[in-house]
Amino acid sequence: MPLKIIDHDSKEYQQMIELRDEILRKPLGLYFDPEELNREKDDVLIGAFEDEKLIGCCLLTRSGADTCRLRQMAVSSNLQKKGIGATLMNFAENVARDKGYQTIMMHARKSAVGFYQKFGYTISGNEFYEVTVAHYVMEKRLR
């Protein structure tokens with residue numbers, strides 16, 4: 001399963017938008033705002049592929065001098081719980097280290113907290129609601 005950093009406005013990025021929309025947005029009745037997608041051109045866009053098809057993705061967004069935010073982690077519904085998310089996490093952490101980040105933080109959906117805890121992320125705040133779903137701020141210091 002190849003993983004790679006993809007270019008904004010590429011065909012792979014279009015697949016990323018479709019996957020994120022299907023997994024993260026449509027179930028909540030939400031849709032992407034073109035301005036939101038335009039702001040992602042400065043993000044690190046990470047994709048996992050099977051042949052030419054995107055099967056998982058996430059983004060890294062700078063949120064401070066030495067901190068980035070992991071966002072929009074999504075894996076195709078029929079491929080969840082097969083290690084793709086774990087592979088994406090390891091790859092994203094390595095990319096973040098290579099770019100000089102010392103901490104990764106995220107707004108994790110409550111339903112995904114256990115997944116991120118397996119990778120050493122800890123909750124660093126109270127439960128809050130974002131996009132109609134309970135979330136926690138989680139973070140991990142990279143070594």
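Residues numbered from 1 in each chain as written. Predicted model: local features only at pLDDT ≥ 70, side-chain atom pairs only at ≥ 80, totals over all residues. Heavy atoms only, no water.

Caption draft 1: Region of interest: the environment of Arg62. Its location among the elements puts Arg62 in strand β3 (residues 53-62). Using a relative accessible area of 52% as the deciding quantity, one classes Arg62 as exposed. On a C-alpha basis, the gap between Arg62 and Ala96 in space is 9.7 Å, while along the polypeptide they are 34 residues apart. Other than its neighbours up to four places away in sequence, Arg62 contacts Thr67, Cys68 and Tyr101. A distance of 3.1 Å separates a polar atom in the side chain of Arg62 from the backbone oxygen of Gly64. (Helix = DSSP H or I, 4+ residues; strand = E, 2+ residues; numbered from the N terminus. Buried < 20%, exposed > 50% of the residue type's maximum accessible area, 1.4 Å probe, protein only. Contact = heavy atoms within 4.5 Å. Polar contact = N/O pair within 3.5 Å; in protein donor to acceptor, adjacent residues only side chain to side chain.)

Caption draft 2: Seen up close, helix α3 (residues 84-98). The terminal C-alpha atoms of α3 lie 21 Å apart, and with 15 residues this matches the ideal 21 Å at 1.5 Å per residue to within 8%. When we look at burial in α3, the residues that qualify are Ile84, Gly85, Leu88, Met89, Ala92, Glu93, Val95 and Ala96. In an axial view of α3, the angular spread of the buried residues amounts to 165°, which keeps them on one side of the axis. Positive backbone phi, approximately 90°, marks Gly100, located one or two places after α3. (Expected span 1.5 Å × (residues − 1). Arc of directions from axis to C-beta.)

Caption draft 3: Quick peek at the state of the cysteines. Inspection of the entire model under this criterion finds zero disulfides. The thiol of Cys68 is unpaired, and the distance to the nearest cysteine sulfur, on Cys58, comes to 9.7 Å. (Disulfide = S-S within 2.5 Å.)

Caption draft 4: Spatial organisation of the pattern of salt bridges. Per the stated rule, a full pass over the model turns up twelve salt bridges. Across the pair Lys4 and Glu12 runs a salt bridge, and its minimum N-O distance is 3.4 Å. Taking relative accessible area as the criterion, Lys4 reaches 36% and is therefore assigned partly exposed. Since its relative accessible area comes to 15%, Glu12 is described here as buried. The salt bridge involving Glu93 is made with Arg97; its shortest N-O contact spans 3.9 Å. Separated by four residues within a single helix, Glu93 and Arg97 lie in helix α3, roughly one turn from each other. Using a relative accessible area of 4% as the deciding quantity, one classes Glu93 as buried. Each of Arg20, Glu40, Asp43 and Arg71 takes part in a single network of salt bridges with overlapping partners. (Salt bridge = Lys/Arg side-chain N within 4 Å of Asp/Glu carboxyl O.)

Caption draft 5: Quick look at the packing of aromatic side chains. In this structure the tally under the stated criterion is three aromatic pairs. Ring plane angle 70° and centroid distance 6.2 Å describe the contact between Tyr116 and Tyr121, whose orientation is recorded as edge-to-face. Judged by relative accessible area, which is 8%, Tyr116 ranks as buried. Following the ring pairs from residue to residue traces out a cluster consisting of Phe115, Tyr116, Phe119 and Tyr121. Sitting above the plane of the Phe49 ring, Lys4 keeps its charged end 5.0 Å from the centroid. (Phe/Tyr/Trp six-rings, centres within 6.5 Å; stacked < 30°, edge-to-face > 60°. Lys NZ or Arg CZ within 6 Å of the ring centre and 35° of its normal.)

Caption draft 6: Representation of the nonpolar core within the structure. Ranked by size, the top nonpolar core spans 28 residues in total, and within it Leu60, Leu70, Leu88, Tyr116, Tyr121 and Met138 carry the most contacts. The dominant element in this core, judged by the number of residues it contributes, is α3, at six residues. When near neighbours in sequence (up to four residues on either side) are disregarded, Met138 contacts Ile104, Met105, Met106, Ala108, Val113, Tyr116, Gln117, Tyr121, Thr122, Ile123 and Ser124. Residues Ile6, Leu19, Phe49 and Leu54 belong to the second largest nonpolar core, which totals 15 residues. (Core = buried A, V, L, I, M, F, W, Y, C linked by side-chain atoms within 4.5 Å.)

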